[in-house]
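# Observations on the model geometry
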Amino acid sequence: AGAIAFRDVHFAYDPARPILKGVSFEVPAGKTVAVVGPSGAGKSTLSRLLYRFYDVQQGAITIDGQDVRDVTQKSLRAAIGMVPQDTVLFNDTIAYNIRYGRPDASDEEVRAAAEIAQISGFIEHLPDGFKSMVGERGLKLSGGEKQRVAIARTVLKSPPILILDEATSALDTRTEQEIQAALEIVSKNRTTLVIAHRLSTVVGADEIIVLKDGRIAERGTHAGLLRQN
Ligand code: ADP
Ligand code: ADP
């Protein structure tokens, strides 16, 4: 379940400046498709349209054949997990932040998700910025640790569809590799849309879409695209 199709998708934030100019591709159920391309090409906009932060202005996006505009916000949020570029954490414990999206989860399930994301050591702490209010329990999280909280959240939620939006771009190389490994575990058997700057971070994708100036410039496998360029 969870096959995604973008069909002739057009979108502009400002009518005078089209961002997506007829983009069509599919992410088959359980597969991983990566969208790469220069900054400003419209990559993140695709993920925002899928999640319905905005709606397409022409064309359609479907999940299992159903137009996302006909899906309730609630079921769309239940179906899609997002690991964004910069995870914004709530003013509460890491455990609370992991549970966001599945408030019914047991402590046991939260611990298991934290284990997979390798943050079990500090789930009772509060994230950065709230330290002064809570003294000892406040904890400054690095970018990588915030990413791990987002990953634990996604593990717990276990949605059929995953959006990874430049999920490792803000990290140093070593952390990036560790997070990449965790993300590969999480995206296994899920329909995954990866948004990335660089071809080198999406070697394992089933298909790579190169987006330039709102259109698909090239598409293929990692090896195929390397041969062409
Ligand atoms: P990418 O992810 O490929 O870097 P984006 O999809 O984030 O590109 O953005 C595509 C273009 O749309 C950029 O020129 C960006 O400045 C513009 N843009 C993004 N978000 C908004 C917004 N909320 N309002 C107006 N313009 C936006
Ligand atoms: P934008 O692309 O417009 O900047 P983001 O992709 O950063 O928006 O998402 C906004 C916030 O919403 C993120 O910080 C993220 O934590 C939260 N969020 C979005 N989708 C989900 C989801 N499916 N599950 C949990 N949190 C989500």
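Residues numbered from 1 in each chain as written. Chains lettered and ligands numbered in written order. Predicted model: local features only at pLDDT ≥ 70, side-chain atom pairs only at ≥ 80, totals over all residues. Heavy atoms only, no water.

## Notes on the nonpolar core
Side chains of nonpolar character tend, in soluble globular proteins, to be buried together. In this structure, I94, I98, I119 and I151 are the most contacted members of the largest nonpolar core, which totals 37 residues. Mapped by element, the contributors of at least two residues to this core are β3 (32-36), α3 (94-99), α4 (107-116), α6 (143-157), β7 (161-165), α7 (173-187), β8 (191-196) and β9 (207-212). For this core, the leading source of residues is α6, giving six residues. Look past the residues within four positions of I151 in its chain and what remains in contact with it is V83, A117, I179, A182, L183 and V186. Listed in part, the 30 residues of the second largest apolar core include L46, V68, V71 and L76. (Core = buried A, V, L, I, M, F, W, Y, C linked by side-chain atoms within 4.5 Å. Buried < 20%, exposed > 50% of the residue type's maximum accessible area, 1.4 Å probe, protein only. Helix = DSSP H or I, 4+ residues; strand = E, 2+ residues; numbered from the N terminus. Contact = heavy atoms within 4.5 Å.)

## Notes on the pairing of strand β10 (residues 215-220)
Note: β9 against β10, five bridges, orientation antiparallel. Of the residues in β10, the one forming a bridge with L211 is I216. Following β9, the chain reverses through two residues before pairing antiparallel with β10; D213 in that reversal takes a positive phi of roughly 50°. (Pairing = 2+ DSSP bridges.)

## Describing the sheet that holds strand β4 (residues 58-63)
Strand pairs in the sheet, formed through backbone hydrogen bonds, run parallel or antiparallel to each other. The sheet built from four strands is open, its strands ordered β2-β1-β4-β5 with antiparallel pairing. Strands with a single pairing partner mark the edges of an open sheet, and in this sheet they are β2 (20-27) and β5 (66-67). Relative to β4, strand β1 (residues 4-11) is paired through five bridges, and the arrangement is antiparallel. Considered in β4, the bridge of A5 is made with T62.

## Some details on the site of ligand 1
By nearness alone, 13 residues border ligand 1, and G40, G42, K43, S44 and T45 come closest of all. One nitrogen or oxygen atom from the main chain of S44 is found 2.8 Å from an oxygen atom belonging to ligand 1. In this structure, a nitrogen atom belonging to ligand 1 sits 3.4 Å away from a side-chain N or O atom of Y54. Grouping the amino acids of the shell around ligand 1 by side-chain chemistry returns five nonpolar, five polar and three charged. (Near = heavy atom within 4 Å. Polar contact = N/O pair within 3.5 Å; in protein donor to acceptor, adjacent residues only side chain to side chain. Nonpolar A, V, L, I, M, F, W, Y, C, P; charged D, E, K, R; others polar.)

## Observations regarding the packing of α6 against α7
As a packed pair, α6 and α7 sit with axes 11 Å apart at the nearest point and diverge in direction by 5°. Of the possible angle classes, the one that applies to α6 and α7 is roughly parallel. Residue-level inspection shows G144, Q147, R148, I151, T154 and V155 of α6 in contact with α7, the latter providing T175, E178, I179, A182, L183 and V186. Here the contact of α6 with α7 is composed, by residue class, of six nonpolar, four polar and two charged. (Axes fitted to C-alpha atoms, helices over the stretch in contact; angles between N-to-C directions. Parallel < 35°, antiparallel > 145°, perpendicular 65-115°, else oblique.)

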